[in-house]
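Geometric and topological summary
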Amino acid sequence: MAKHSTSCACYDQPMTSSGNSTVTPGQATLTDALTSIAGGFLVVVTGAGISLASGIPTFRGNDPDAVWKKDITELGTNRYFMQDPVASWQWYTERFDMVLDKQPNAAHRALADLERWQTGRGGEFVLITQNVDPLHERAGSQRLVKVHGSADRVRCSRAGCINGAPRGSLPRTDFPMNAFRDNPSLPTLPRCPACNAPMRQHVLWFDEFYDEHESYQWSRVLDAAQRMEALLFVGTSFSVGVTALFLEAGLARHCPVLSIDPGAGEAPVAGIVQIKEAAEDLLPSLVKALQDS
Ligand SMILES: [Zn+2]
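Source: prediction; values computed, not measured.

Calculation criteria
Residues numbered from 1 in each chain as written. Predicted model: local features only at pLDDT ≥ 70, side-chain atom pairs only at ≥ 80, totals over all residues. Helix = DSSP H or I, 4+ residues; strand = E, 2+ residues; numbered from the N terminus. Buried ≥ 20, exposed ≤ 12 C-beta atoms within 10 Å, placed from the backbone. Contact = placed C-beta atoms within 7 Å. Axes fitted to C-alpha atoms, helices over the stretch in contact; angles between N-to-C directions. Parallel < 35°, antiparallel > 145°, perpendicular 65-115°, else oblique. Left-handed = near helix turned anticlockwise from the far one by under 90°. Nonpolar A, V, L, I, M, F, W, Y, C, P; charged D, E, K, R; others polar. Core = buried A, V, L, I, M, F, W, Y, C linked by C-beta atoms within 7 Å. pLDDT = per-residue confidence, 0-100. Pairing = 2+ DSSP bridges. Expected span 1.5 Å × (residues − 1). Arc of directions from axis to C-beta.

For the rest of this paragraph, the subject is the overall build of the protein chain. Broken down by element type, the protein chain carries 10 helices and 12 strands. When each of the 293 residues of the protein chain is scored for burial, the buried share is 42%. Restricting to contacts in the protein chain with at least 6 residues of sequence separation, those with at least 24 account for 65%.

Turning our eyes to something else, we now look at the packing of helix H5 (residues 106-120) against helix H10 (residues 279-292). Remark: H5 packs on H10, axes separated minimally by 8 Å, with the N-to-C direction vectors making an angle of 25°. Relative to H10, the element H5 lies roughly parallel. Considering only the axes of H5 and H10, their crossing is left-handed. Residues Ala106, Ala107, Ala110, Leu111, Asp113, Leu114 and Trp117 of H5 lie in contact with H10, whose contacting residues are Ala279, Glu280, Leu283, Pro284, Val287, Leu290 and Gln291. Taken together, the residues of the contact of H5 with H10 break down into 11 nonpolar, 1 polar and 2 charged.

Residues Val43, Val44, Leu111, Ile128, Leu231, Val234 and Leu283 are the most contacted members of the largest nonpolar core, which totals 57 residues. Of all the elements, H5 adds the most residues to this core, at 6 residues. Excluding residues within four positions of it along the chain, Leu283 makes contact with Ala107, Ala110 and Leu111. The next biggest cluster of nonpolar side chains, apart from the first, holds 5 residues, and it includes Val154, Cys156, Leu170 and Met199.

We now examine the confidence of the model for the protein chain. Of all residues in the protein chain, 88% attain a pLDDT of 70 or more, and the chain-wide mean is 88. Low confidence marks residues 1-10, where pLDDT is under 50. Its contacts with residues over four positions away, or in another chain, come to 18 contacts. Scored below 50 in pLDDT, residues 13-20 makes 7 contacts in the model with residues more than four places away or belonging to other chains.

Our focus in this paragraph is the packing of helix H1 (residues 25-36) against H10. Close contact between H1 and H10 brings their axes to 10 Å; oriented N to C, the two are set at 45°. With respect to their mutual orientation, H1 and H10 come out oblique. For the pair H1 and H10, the sense of crossing is right-handed. Only Leu282, Ser285, Leu286, Ala289 and Leu290 of H10 make contact with H1, whose side of the interface consists of Gly26, Gln27, Leu30, Thr31 and Leu34. Taken together, the residues that form the contact of H1 with H10 break down as 6 nonpolar, 4 polar and no charged.

What the 3 strands build is an open sheet, ordered E8-E7-E9; its pairing is antiparallel. The open sheet is flanked by strand E8 (170-171) and strand E9 (199-203), the only strands paired with a single partner. Of the strand pairs in this sheet, strand E7 (residues 149-156) and E8 are connected by 2 bridges, and their pairing is antiparallel. Looking at E8, one finds that Val154 is bridged to Leu170.

Turning next to unusual backbone geometry. The omega angle of the peptide bond from Ala165 to Pro166 is 10°, so this bond is cis rather than trans. Along the chain, the position of Pro166 falls in the loop between E7 and E8. Of note in this structure, Ala38 is not a glycine but carries a positive phi near 45°. Within the element layout of this structure, Ala38 appears in the loop between H1 and strand E4 (41-46). With phi around 70°, Asn196 is a residue other than glycine that occupies positive phi space. Structurally, the position occupied by Asn196 is in the loop between helix H7 (178-182) and E9.

Because the α-helix completes a turn every 3.6 residues, residues three or four places apart line up on one side. With 14 residues, H10 extends 19 Å from end C-alpha to end C-alpha; this agrees with the ideal 20 Å at 1.5 Å per step. Along H10, the positions that sit buried rather than exposed are Ala279, Glu280, Leu282, Leu283, Leu286 and Val287. Buried residues of H10, viewed axially, fall in a sector of 160°; they line one side. Where the residues of H10 are buried, they touch H1, H5, strand E10 (230-234), strand E11 (257-260) and strand E12 (273-275).

Mapped onto the secondary structure, Gln27 falls in helix H1. By C-beta crowding, Gln27 is classed as buried, having 23 other C-beta atoms within 10 Å. Sequence-wise, Gln27 and Leu286 are 259 residues apart; in three dimensions their C-alpha atoms are separated by 5.9 Å. Among all residues touching Gln27, those that are not within four sequence positions of it are Leu282, Ser285, Leu286 and Ala289.

What follows is the structure, given as structure tokens:
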């Protein structure tokens, strides 16, 4: 990949005054990019950074509490689940209990407002999230792709079962976990009501593919990458497959490509506009300005 170059604009300057309102350079750039595509196709890709302000630690990145730092490439695999389903369930139960307890923050709500604004002016919109938490849905986002699955659902581990890949899943709340929590063991594992095979997390594991399950909506992702006219990353680290795919497609299509990340380091490639501000501060004022314009 190309090194950081002068064609990459990074905005972390102090706020400047514009008329009666205070607008940061990042907000001004975003406003210009979003208004310029008029009724075009806006794609937003979010990552763990957007859920930090809701109290969910990042799975990757520079956060010292990043939970996936340890041995996630081993724990987050189907191989590990097949080897030790009890340990896999223990690990996920602990983490997903915490994740499912959280509430959306101002950035999640602003993206739901941005969707309404964009579609309200006749434009196309899709929000693709790498996060498995349910915070975008809870904030009201509708045109949403959860490309890594969802922590609030589980599925049968037997492919082809009505409750398993490629189409099936069930709400996590259908499976009371008290017996498993009290005594984690094979007999207390949640089982498929149709075939009695162990249930598993409805998430994309490291040794699996984006097209494993229809609810990951991979064909919609590819379509968005081919047709988008503006691309906004929020809280992503560019280290996961889907961000690299969109970054490459956005630059190849000469779309405006912007990234909101207060902890951004060097830009991964030239041509991406990095805005080093907190999304929960920037996005609400951006959407308000767009609505008022
Ligand atoms: Zn089954």
